[in-house]
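In case you want the letters, here they are:
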Amino acid sequence: MPPKLFGSDMNQGVRAVLLTAKALAVPVDLIDVNVYTEEHIEEELLKVNPDYTIPTLVDGEFVSWNTHAILGYLVNKYGEDDSLYPKDPEKKDQVEQKLFFESDTLCPRVNSVIAIIVENEKEIRTEKISAITESYMLLDGFLENKNFLTGDSLTIADLCCVATVSTATVITPISTEKYPNLSHWYRTCKNLNYYEETNGVGLNNLDALVELKLGRPRTKELCE
């Protein structure tokens, strides 16, 4: 029986898990849960995760509900090698630096905007947009002379960050001129043969929700 993944594909953490699982060729059974509303409570999720957060992974008797922990678990258990999450201390440190950047800086800034949409606010303050573009600037610096966040090889840091960065682009597209390194990396990630089914579909669902609630409060400057 494949692992169960509780969550909505509109959530970047869920999409990071889907990306990683696909990269490892691990099938997962996605159980759709919308924790952003109280219209439906998934009792099965509540039983395994009292905190009722997504993503939550159930693999047999094992349960994990932190995005980064789930990614590491999947690689450690199912990976044919450690390329996505190296065991070498220095390489592992580089991956974890970028994962912590995603959790401590990038994700909170993106979530603060998504929360506005969920709460049906009609305006996004300028400082919230500026915080996201500052994150773009930092990522662009990380990617100087690199194809991926930690060098020339794809890791879970890229899969996690691209799920969150792509979420940010729904509100604030990436300027190719201002952030050339980030733009190149984003295109590279989008060219992964499993990107569309694991990240693109949910991202389109989120984009539709944003348009429904806010219209198009975005610039026409796209990362193409």
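Refer to the structure printed above.
These numbers come from a predicted model, not from an experiment.

For the pair helix 5 (residues 126-142) and helix 7 (residues 180-190), the least separation of the axes is 7 Å and the interaxial angle reads 80°. Classed by the angle they form, the pair helix 5 and helix 7 counts as roughly perpendicular. Where helix 5 abuts helix 7, its residues Tyr-136, Leu-139 and Asp-140 lie against Pro-180, Asn-181 and Leu-182. Its residues assigned to classes, the contact of helix 5 with helix 7 comprises four nonpolar, one polar and one charged.

By size, the foremost hydrophobic cluster in this structure holds 65 residues, and its most contacted members are Leu-74, Tyr-136, Ile-156, Leu-182 and Trp-185. Those residues in contact with Leu-182 that lie beyond four places of it in its chain are Tyr-136, Leu-139, Asp-140, Leu-143 and Ile-174.

On inspection of all chains with the given rule, the structure shows five salt bridges. The salt bridge involving Lys-22 is made with Glu-197; its shortest N-O contact spans 3.5 Å. Here the residue Lys-22 occupies a position in helix 1 (residues 12-23), and Glu-197 occupies one in helix 8 (residues 195-214), the gap between them amounting to 175 residues. Lys-22 sits in the partly exposed class, given a relative accessible area of 40%. Notably, a salt bridge pairs Glu-127 with Arg-125, separated by 2.7 Å at the nearest N-O pair. Here Glu-127 falls in the partly exposed class, since its relative accessible area comes to 47%. Its relative accessible area of 46% is what places Arg-125 among the partly exposed residues.

Criteria and thresholds
Residues numbered from 1 in each chain as written. Predicted model: local features only at pLDDT ≥ 70, side-chain atom pairs only at ≥ 80, totals over all residues. Heavy atoms only, no water. Axes fitted to C-alpha atoms, helices over the stretch in contact; angles between N-to-C directions. Helix = DSSP H or I, 4+ residues; strand = E, 2+ residues; numbered from the N terminus. Parallel < 35°, antiparallel > 145°, perpendicular 65-115°, else oblique. Contact = heavy atoms within 4.5 Å. Nonpolar A, V, L, I, M, F, W, Y, C, P; charged D, E, K, R; others polar. Core = buried A, V, L, I, M, F, W, Y, C linked by side-chain atoms within 4.5 Å. Buried < 20%, exposed > 50% of the residue type's maximum accessible area, 1.4 Å probe, protein only. Salt bridge = Lys/Arg side-chain N within 4 Å of Asp/Glu carboxyl O.

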